[in-house]
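Architecture and fold: a report
One-letter residues, chain by chain:
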Amino acid sequence: MESPAPESIAAVARAKRWREQRLSDPRHSDRVAAILGIALGVSFTVCFLTGLLSHLIQHPPIWFSWTTRPAGTYRVTQGLHVATGIAAIPLLFAKLWSVFPRLLQWPLATGVLHAAERLSLLPLVGGSLFMVVTGLANVQLWYPWVFYFPAGHFAVSFVVMGALLVHLVSKSAISRGALGHDGRSEPEREVVVQGRRRFLAAVGAISAGAVVTTVGQTVFPLRGLALLAPRHPDIGVQNFPVNKTAREAGVATSALDPSFVLTVESDGVVLRAFTLDDLYAMATRTATLPIACVEGWSASQTWRGPRVSDILEEAAAPGTRSVSVESLQRGGRHRRSVLTRAQIDDADTLLAVEVDGEPLHVDHGFPLRLISPNRPGVMQTKWVSRLVVQ
Amino acid sequence: MAVLVLALCCGWGIIAVGVWSAVGDARDAHPVALVVHLVTFDLIHDLAISPVLFLGGWMIGKVVPDVARGPVRGAAAATALYTAMAFPLLRGWGRRPTNSSTLPLDYGQNLAIVVGLVWLLAAATIVLRGRNGGSR
């Protein structure tokens, strides 16, 4: 067998020396890795749970039931989802930088369990980067990939959480030891403590800065600081954001058709047809509710329109179990949404004809927009033309 | 040991749930594309981003005085990160001409303000450290 070339031996020796030098720096210590790991674990877990909730609300399994009250709950959870995702970006890069010298380890694994643990770093690191990069791109409305964002983001979230569990448990002993260390027994240790704290303070400040410059797109009092937010709660037609315009939805002409009627149907039979004049006459309810987008922005408006329950009663379909609310939009994944009995019964579930004292703009759903408490914006169907009772 | 084995099994089981979700919804999730993305992000980070960060830190250490080294490294890292995060906004890649509410702000100006504040904070930190006789 040939001996390794002298250049290779020298390169390995240089890499080892570099690794030892870096690991003596407090910023690359086990304690810093543990603290950043805890911060990341918390932010990723909050992000995962709030994202899972959003998925369940939009695609409810038979055992899941979502409440209409408090009306702002989804606004809070989805705002938290995006905020913790953004906060995680500086934390993740800091953690990866801090532990990078440990990547240069030989042998790569000392046994089967160690190999399984090290192997889990591939989906953990790649998956974490995937989640924060694609999540950020999504809220910035940029989609440079072939997969459907919700499907890819949902699937990889489980990959990351599984890898995170493996990582947390396999590092728990090291982390406990590192976090339990006092570190103030000698003068030179003070320098180490100071270096570590300054590094962590800087990482925390950068993370906080990323959140502060974006979270105002949902936290209204902070909107003046939202310098890098992709949406602004005050900007758009009728002073709040639009996701899909009437033209993009292909309803710019049909939505303005003067012969528009809303039909209430059951088993293919039209129970009742309402003209816009009929609906305006029934538009006695006013409700102040937010549009809370899955992309993390939200804005509260005052809506006026007839209650869905009143419409169903007029159509002689008051006892329906649920109703499918369908749009003039012909295609698209969000052209219909389903209201449960609880949502129908909520007094603030309306088909809005007005917002903030003005007739609804076509980009906000004219002639009719569903507005119901505590639902994601994609489920507040626009350009409503049919209610199909079930 | 038993806890570690259990955690490995649970963790890899949850990973399997994610894989099953992607494969079961292949038409939307494009599982092969997802794997390519994960591996690509791993490689870009380990082979490009990390070396650049270490090189940048080393270069700052060579030219910046001791008292300013930490704040300058922090400000440089913040500048690089915020610029990278805001890059799609600066380029307007998600902006839709027919929808005035998409990326509605002047992101070039706003990023300059944010980065300016970062360096102002770094400068203030350096001044304070200099007065207190601090080190890096």
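Please read all numbers here as calculations on a predicted model, not as lab measurements.

1. Some points on the overall build of chain A
The helix and strand inventory of chain A stands at twelve helices and eleven strands. Relative to the compact-globule value of 21 Å for 390 residues, chain A shows a C-alpha radius of gyration of 27 Å, a clear excess of over 25%. For chain A, the spread of C-alpha atoms along the principal axes amounts to about 85 × 50 × 35 Å. Here chain A holds 390 residues, and the buried ones make up 53% of them. Nonlocal contacts in chain A, meaning residues at least 24 apart in sequence, comprise 68% of its contacts between residues at least 6 apart. Split by element, the accessible area of chain A, about 17,300 Å² in all, is 62% carbon and sulfur. Computing the positive centroid from 37 side-chain charges and the negative centroid from 29, chain A places the two 8 Å apart.

2. A short note on the pattern of salt bridges
Residues and elements named next belong to chain A. Under the defined criterion, the tally for this structure stands at 16 salt bridges over all chains. Notably, a salt bridge pairs arginine 285 with aspartate 348, separated by 2.9 Å at the nearest N-O pair. Placement of arginine 285 in strand 3 (residues 285-292) and of aspartate 348 in the loop between helix 12 (341-345) and strand 7 (350-352) is noted, with a sequence separation of 63 residues between them. Assessed through its relative accessible area of 26%, arginine 285 is described here as partly exposed. A relative accessible area of 10% places aspartate 348 in the buried class. When salt bridges with common partners are traced through the structure, they connect Arg69, Arg285, Asp346 and Asp348 into a single cluster.

3. Remarks on the packing of aromatic side chains
One pass over the structure, following the stated rule, counts 16 aromatic pairs over all chains. Between Trp63(A) and Phe64(A), the aromatic rings sit 6.1 Å apart at their centres with planes inclined by 85 degrees, giving edge-to-face as the arrangement. By the ring-pair criterion, three or more aromatic residues cluster together here, those being Phe130(A), Tyr143(A), Trp145(A), Phe147(A), Phe149(A) and Phe41(B).

4. Brief notes about the sheet that holds strand 8 (residues 354-355) of chain A
Residue and element names in this part refer to chain A. Pairing in this open sheet of four strands is antiparallel, and the strands run 3-4-8-9 from one edge to the other. Of all the strands in the sheet, just strand 3 and strand 9 (358-359) have a single pairing partner and so form its edges. In this sheet, strand 4 (residues 298-305) lies alongside strand 3 in antiparallel orientation, the contact comprising eight bridges. Across the sheet, isoleucine 291 pairs through a bridge with alanine 299, a residue of strand 4.

5. Some words on the interface of chain B and chain A
Every contact between the two is made by 60 residues of chain B and, on the other side, 72 residues of chain A. In total, chain B and chain A occlude about 5,400 Å² of area from one another, counting both sides; carbon and sulfur atoms represent 74% of this. Where chain B touches chain A, the interface holds 16 residue pairs in polar contact (both at pLDDT 80 or more). Ranked by residues supplied to the side of chain B that touches chain A, first place goes to helix 1 (residues 2-24) of chain B with 15 residues. Of the residues belonging to the side of chain B that touches chain A, the class tally is 36 nonpolar, 16 polar and eight charged.

6. What to know about the pairing of strand 6 (residues 336-340) of chain A
All names here are of chain A. Here strand 6 shows one buried face, formed by Ser337 and Leu339, and one open face, formed by Arg336, Val338 and Thr340. With five bridges joining them, strand 5 (residues 322-327) and strand 6 adopt antiparallel strand pairing. Looking at the pairing, valine 323 lines up with leucine 339 of strand 6.

7. Overview of the side chain of Thr68(A)
Residue and element names in this part refer to chain A. Here threonine 68 lies in the loop between helix 2 (30-58) and helix 3 (73-99). Residue classification places threonine 68 among the buried residues on the basis of a relative accessible area of 12%. A distance of 2.8 Å separates the side chain of threonine 68 from the side chain of aspartate 346, its partner in a polar contact. In this structure threonine 68 touches Ala342, Gln343, Asp346, Pro373 and Asn374, once residues within four positions along its chain are discounted.

8. Some words on unusual backbone geometry
Residues and elements named next belong to chain A. With an omega dihedral of -5 degrees, the bond running from arginine 69 to proline 70 counts as a cis peptide bond. Examined against the element boundaries, proline 70 turns out to sit in the loop between helix 2 and helix 3. For the peptide bond that leads from phenylalanine 366 to proline 367, omega is 15 degrees, which places it in the cis range. Within the secondary structure layout, proline 367 lies in the loop between strand 9 and strand 10 (369-371). The backbone phi angle of glutamine 238 is positive, close to 55 degrees, even though this residue is not glycine. Phi is positive for aspartate 356, close to 50 degrees, though the residue is something other than glycine. Among the secondary structure elements, aspartate 356 is positioned in the loop between strand 8 and strand 9.

9. Quick notes on the sheet that holds strand 2 (residues 269-275) of chain A
Residues and elements named next belong to chain A. Strands sit in the order 2-1-11-5-6 across an open sheet of five strands; the sheet is mixed. A single partner strand is all that each edge strand has here, and the edge strands are strand 2 and strand 6. Each neighbouring strand pair of the sheet contributes to a mean axis angle of 20 degrees, computed without reference to strand direction.

10. Here we look at the confidence of the model for chain A
Of all residues in chain A, 97% have pLDDT values of 70 or greater, and the mean over the chain is 92. Least confident of the elements in chain A is helix 4 (residues 112-119) of chain A, whose mean pLDDT is 80; most confident is strand 10 of chain A, at 98.

11. What about the environment of Gly56(B)?
Locating Gly56(B) in the fold gives a position in helix 3 (residues 31-63). In this structure, the C-alpha to C-alpha distance between Gly56(B) and Ala76(B), residues 20 residues apart in sequence, is 8.8 Å.

12. Some points on the nonpolar core
Grouped together as the largest cluster of nonpolar side chains are 66 residues, with contacts concentrated most on Leu36(A), Phe130(A), Phe199(A) and Tyr82(B). Ranked by size, the runner-up nonpolar core spans 46 residues in total, among them Ala71(A), Ala255(A), Ala299(A) and Ile371(A).

13. Thoughts on the pairing of strand 5 of chain A
Residues and elements named next belong to chain A. Burial analysis of strand 5 places six of its six residues in the buried class, the great majority of the element. The alternating pattern of strand 5 places Ser322, Ser324 and Glu326 and Val323, Val325 and Ser327 on opposite faces, both of which are buried. Here five bridges tie strand 5 to strand 11 (residues 384-389), and the two strands are oriented antiparallel to one another. Bridging across to strand 11, serine 327 finds its partner in valine 384.

Conventions we followed
Residues numbered from 1 in each chain as written. Chains lettered and ligands numbered in written order. Predicted model: local features only at pLDDT ≥ 70, side-chain atom pairs only at ≥ 80, totals over all residues. Heavy atoms only, no water. Helix = DSSP H or I, 4+ residues; strand = E, 2+ residues; numbered from the N terminus. Rg over C-alpha atoms; globule rule 2.2 N^0.38 Å. Buried < 20%, exposed > 50% of the residue type's maximum accessible area, 1.4 Å probe, protein only. Contact = heavy atoms within 4.5 Å. Areas by Shrake-Rupley, 256 points an atom, 1.4 Å probe, with all protein chains shown as cover. Lys, Arg positive; Asp, Glu negative; His and termini not counted. Charge placed at Lys NZ, Arg CZ, Asp CG, Glu CD. Salt bridge = Lys/Arg side-chain N within 4 Å of Asp/Glu carboxyl O. Phe/Tyr/Trp six-rings, centres within 6.5 Å; stacked < 30°, edge-to-face > 60°. Pairing = 2+ DSSP bridges. Buried area = accessible area lost by both parts, 1.4 Å probe. Polar contact = N/O pair within 3.5 Å; in protein donor to acceptor, adjacent residues only side chain to side chain. Nonpolar A, V, L, I, M, F, W, Y, C, P; charged D, E, K, R; others polar. Axes fitted to C-alpha atoms, helices over the stretch in contact; angles between N-to-C directions. pLDDT = per-residue confidence, 0-100. Core = buried A, V, L, I, M, F, W, Y, C linked by side-chain atoms within 4.5 Å.

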